[in-house]
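These are the residues of each chain, in order.
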Amino acid sequence: MKIAVFSTRSYDREFLSAAAGTTASFTGTHTFFYHDVHLRPETVLLAKGCDSICAFVNDQLDGAVLADLKRGGTRLVALRCAGYNNVDLITAKELGIPVVRVPAYSPEAVAEHTVALILALNRKIYRAYRQVRDGNFSLEGLVGFNLHGKTVGLIGTGRIGVAVAKILGPGFGCKLLGYDPQPNPHCESFGVHYTELSALLTNSDIVSLHAPLVPATVHLINEQTISLMKDGVMLVNTSRGGLVETTAVIDAVKTGKIGYLGLDVYEEETELFFDDFSLQVISDDVFARLLTFPNVVITGHQAFLTNEALQHIAQATVENIVEFATTGTWRNQVRT
Ligand code: NAD
């Protein structure tokens, strides 16, 4: 099979090529064609003649793009990520194009990045780094708080939520609250006490989001839910940008209701993240406002980005493609 791989960067190519080269049933039979551009209506032609496309979180797989892919010969969409909110699954089903994904890859990678954001915000690591490099060893403005004994609310307690619980409960000695329509029995062994969403928001010093982006979670964090939170709360989102109504969060940072904000994802990230705009003007005023606050730390959707996770993603993607080509069954198919 020919596979058009979109949105690739050096690390994607390195790990996908390594996985392809060490998987006997892939080498010589299937070929990756790497493209650095995102999949969009204007780039879909690059997939013409390819049996499969391999896409990432910000590639556009709406009805029109899927129909174009079908016309060009695509028989499989292989996502090299867990989330699939960027795919019109109903149209894919109608067109008879199965969508497969990498359901779980190193949840610890995302969990550890979540904790990195919490610590960077709380202990003001970025400010301290800049000050010390300037020869400023004053500790003014660097006072943090002990995580030990603080209450952390985990919204979504699946694979990543439980990995965060493991670090923060037994590790840091935090009290843990969880909200999840499907409570995870593993979480309770790390001290997570399940509660209603409102009680979690009211009682948490830190709220961390680990739920998928589905209709029920769009703007889960909004003016009303923020109003329930403690004054000066820390909010961390390493899940999907759409969980948070960004303008409401900005208002809350301005009033001090939110005292610390850590984001690895942003609801309008599609046009920004994964590319270098350092020589251009950022035209997204909402994002630009976020960048002005001293108590906001943003990373560009890098929580997954570890050697271990990339290796796992690449291997699982190669195996998904081999499985499709050889057995006609799709263990990791996303179903509507
Ligand atoms: P998962 O499927 O294992 O867990 C998600 C949990 O959220 C489940 O337990 C589910 O019951 C729960 N949930 C569903 N609806 C909910 C709701 N309305 N409120 C609260 N909880 C709800 O997924 P995971 O592997 O833990 O990943 C969580 C999310 O992290 C993914 O959906 C993805 O969007 C995001 N993610 C981000 C990165 C990154 O690099 N930033 C990487 C991987 C995954």
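Calculation rules
- Residues numbered from 1 in each chain as written.
- Predicted model: local features only at pLDDT ≥ 70, side-chain atom pairs only at ≥ 80, totals over all residues.
- Heavy atoms only, no water.
- Near = heavy atom within 4 Å.
- Polar contact = N/O pair within 3.5 Å; in protein donor to acceptor, adjacent residues only side chain to side chain.
- Areas by Shrake-Rupley, 256 points an atom, 1.4 Å probe, with all protein chains shown as cover.
- Pairing = 2+ DSSP bridges.
- Helix = DSSP H or I, 4+ residues; strand = E, 2+ residues; numbered from the N terminus.
- Right-handed = clockwise from strand over helix to strand, strands pointing away.
- 1 Å grid on protein atoms, 1.4 Å probe; cavity = no way out; pocket = protein on both sides within 12 Å on 5 of 7 lines; lining within 4 Å.
- Points joined across faces, edges and corners; volume = space filled by probe spheres on them.
- Nonpolar A, V, L, I, M, F, W, Y, C, P; charged D, E, K, R; others polar.
- Axes fitted to C-alpha atoms, helices over the stretch in contact; angles between N-to-C directions.
- Contact = heavy atoms within 4.5 Å.
- Domains from an automatic or database assignment.
- Buried area = accessible area lost by both parts, 1.4 Å probe.
- Salt bridge = Lys/Arg side-chain N within 4 Å of Asp/Glu carboxyl O.
- Parallel < 35°, antiparallel > 145°, perpendicular 65-115°, else oblique.
- Left-handed = near helix turned anticlockwise from the far one by under 90°.

The next thing to look at is the site of the ligand. Near the ligand lie 23 residues; those nearest to it are R159, I160, D180, T238 and D264. D264 is positioned such that a nitrogen or oxygen atom in its side chain is 3.0 Å from a nitrogen atom of the ligand. Within the complex, the protein chains bury 85% of what would otherwise be the 870 Å² of accessible surface of the ligand.

Let us now look at the pairing of strand 7 (residues 175-179). Note that strand 6 (residues 151-155) and strand 7 share five bridges and pair parallel. If you follow G153 over to strand 7, its bridge partner there is L177. One crossover worth recording links strand 6 to the parallel strand 7 by way of helix 6 (residues 159-171), and it is right-handed. Where strand 7 and strand 8 (residues 192-194) come together, three bridges link them in parallel fashion. Across the sheet, the residue bridging to L176 is V192, located in strand 8.

With the rule as written, the count across this model stands at three cavities of 30 Å³ or more. Approximately 60 Å³ is the volume found for the largest cavity. If you trace the largest cavity, you find it lined by D12, F15, L16, F56, R80, F304, L310, I313 and A314. Looking at the lining of the largest cavity, the elements that each hand over two or more residues are helix 1 (10-21) and helix 12 (307-326). A breakdown of the residues in the lining of the largest cavity according to their chemical character gives seven nonpolar, no polar and two charged. Considering only enclosed or pocket space, the second largest cavity measures out at about 50 Å³ in volume. Lining the second largest cavity we find N237, G241, V244, T246, V249, L263, V265, Y266 and E267.

Spatially, 8-7-6-9-10-11-12 is the arrangement adopted by the seven strands of the open sheet, whose pairing is parallel. Two strands in the sheet have a free side with no partner beyond their single neighbour: strand 8 and strand 12 (296-298). Between one strand axis and the next, the sheet turns through 20 degrees on average, direction left out of account. Pairing of strand 10 (residues 233-237) with strand 11 (residues 258-263), which is carried by five bridges, proceeds in the parallel orientation. Residue pairing across strands places N237 opposite L263, the latter belonging to strand 11. Its contacts with the sheet place helix 6 against strand 6, strand 7 and strand 8, and it is angled at close to 170 degrees to strand 6. Most of the contacts of helix 10 (residues 246-255) go to strand 11, to which it runs at about 140 degrees, and overall it touches strand 10, strand 11 and strand 12.

Parsing the protein chain into structural domains produces domain 1 (2-105 + 306-327) and domain 2 (107-298). Its C-alpha centre places domain 1 at a distance of 30 Å from the equivalent point of domain 2. On the side of domain 2, eleven residues touch domain 1, which itself brings 13 residues to the contact. For the pair domain 1 and domain 2, the two sides together bury roughly 1,100 Å², of which 48% comes from carbon and sulfur. Looking only at domain 1, the three residues that lose the most surface to domain 2 are N58, N85 and Y105, adding up to 40% of its buried area. Note that E271 and R40 form a salt bridge whose closest N and O atoms lie 3.9 Å from each other. There are six residue pairs in polar contact (both at pLDDT 80 or more) connecting domain 1 and domain 2. Taken together, the residues of the side of domain 1 that touches domain 2 sort by class into six nonpolar, five polar and two charged.

It is worth spelling out the layout of surface pockets at this point. One number sums up the size of the second largest pocket: a volume of about 300 Å³. Of all elements in the fold, only helix 4 (107-122), helix 5 (125-133), strand 11 and strand 12 reach the threshold of two or more residues within the lining of the second largest pocket. Ranked by the residues each element gives to the lining of the second largest pocket, the list is headed by helix 5, at four residues. Tallied by class, residues from the lining of the second largest pocket come to nine nonpolar, three polar and three charged.

Right, let's get into the packing of helix 4 against helix 6. In contact at an axis separation of 8 Å, helix 4 and helix 6 are set at 50 degrees when each is read in the N-to-C sense. The angle between helix 4 and helix 6 falls in the class oblique. Our pair here, helix 4 against helix 6, has a crossing hand that is right-handed. Packed against helix 4, whose contacting residues are P107, E108, V110, A111, E112, T114, V115 and I118, the element helix 6 presents R159, I160, A163, V164, I167 and L168 at the interface. Looking at the contact of helix 4 with helix 6 residue by residue, the classes come out as ten nonpolar, one polar and three charged.

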